[in-house]
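# Working through the structure, step by step
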Amino acid sequence: MKIVFGLSDYTELSEEKVEQVGQWVNRIADEEIQYLFRKVLSGRKLSVQDQDMIAYNLFEGKYLVGILERAETETEGLEEVKKKI
């Protein structure tokens, strides 16, 4: 993850590690997120917007938004989200 967010250099990954990460990326359901990870694995840097998209999709942001959307009231949704954080 450090490479995705520009905290580490791509050259730190061995060929074996790149292959392992590539296999993991192939299991991600979201094609746009797969594309962004492949971009990083090829040595390119991501924009801040792309980094934000990965963070949102991988670190439960999408899940928490779903809780808010399914709640009957805003207050109920916020209470449920606070329990998860």
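What comes next concerns the included structure.

Each value, and the rule that gives it
- All residue numbers refer to position in the chain's written sequence, counted from 1.
- Side-chain atom pairs in this predicted model are given and counted only at pLDDT of 80 or more, local residue features only at pLDDT of at least 70, and totals for whole chains, interfaces and linings cover all residues.
- Calculated side-chain values reflect all of the structure's heavy atoms, with hydrogen atoms and water omitted.
- Only DSSP runs of H or I reaching four residues or more are called helices, and only runs of E reaching two or more are called strands; each is numbered from the N terminus.
- Exposure categories follow from relative accessible area, calculated using a 1.4 Å probe and restricted to protein chains: below 20% of the type maximum is buried, above 50% is exposed, and the middle band is partly exposed.
- What makes two residues a contact is simply this: any of their non-hydrogen atoms within 4.5 Å.
- Each accessible area is a Shrake-Rupley result for a 1.4 Å probe, and residues are judged covered by the shown protein chains and nothing else.
- Salt bridge criterion: a side-chain nitrogen from Lys or Arg within 4 Å of a carboxyl oxygen from Asp or Glu.
- Aromatic rings from Phe, Tyr and Trp, taking only the six-membered ring of Trp, are treated as a pair when their centres fall within 6.5 Å; an angle between ring planes under 30 degrees marks them as stacked, one over 60 as edge-to-face, and anything in between as tilted.

Check the secondary structure of the protein and you find 5 helices and 0 strands. Tracing the protein from N to C terminus, the helices and strands come up as α-α-α-α-α. Out of the 85 residues belonging to the protein, those deemed buried represent 29%. Within the protein, counting contacts between residues at least 6 apart in sequence, those at least 24 apart form 33% of the total. When the accessible surface of the protein is split by element, carbon and sulfur atoms take 51% of a total near 6400 Å².

Let us now look at the pattern of salt bridges. All chains considered together, the criterion is met by 2 salt bridges. Salt-bridge contacts for Lys-39 lead to Asp-50; the nearest nitrogen and oxygen are separated by 3.7 Å. Placement of Lys-39 in helix α2 (residues 31-41) and of Asp-50 in helix α3 (residues 48-58) is noted, with a sequence separation of 11 residues between them. A single burial state applies to Lys-39 and to Asp-50, both of which are buried. In this structure, Lys-83 engages Glu-80 in a salt bridge whose closest nitrogen and oxygen atoms are separated by 3.6 Å. Of this pair, Lys-83 and Glu-80 both sit in helix α5 (residues 74-84), separated by 3 residues, roughly a single helical turn. Residue Glu-80 is classed as partly exposed on the basis of its relative accessible area, which comes to 30%.

Quick look at the side chain of Lys-39 now. By relative accessible area, Lys-39 is classed as buried at 17%. With sequence-adjacent residues up to four places away left out, Lys-39 is seen in contact with Arg-44, Lys-45, Leu-46 and Asp-50.

One pass over the full model with this rule turns up 1 aromatic pair. Centroid distance Trp-24 to Phe-37: 5.3 Å. Interplanar angle 90°. Geometry classified as edge-to-face. Within this pair, whereas Trp-24 is found in helix α1 (residues 15-26), its partner Phe-37 is found in helix α2, the two being separated by 13 residues in sequence. Classification of Trp-24 by relative accessible area gives partly exposed; the value is 34%.

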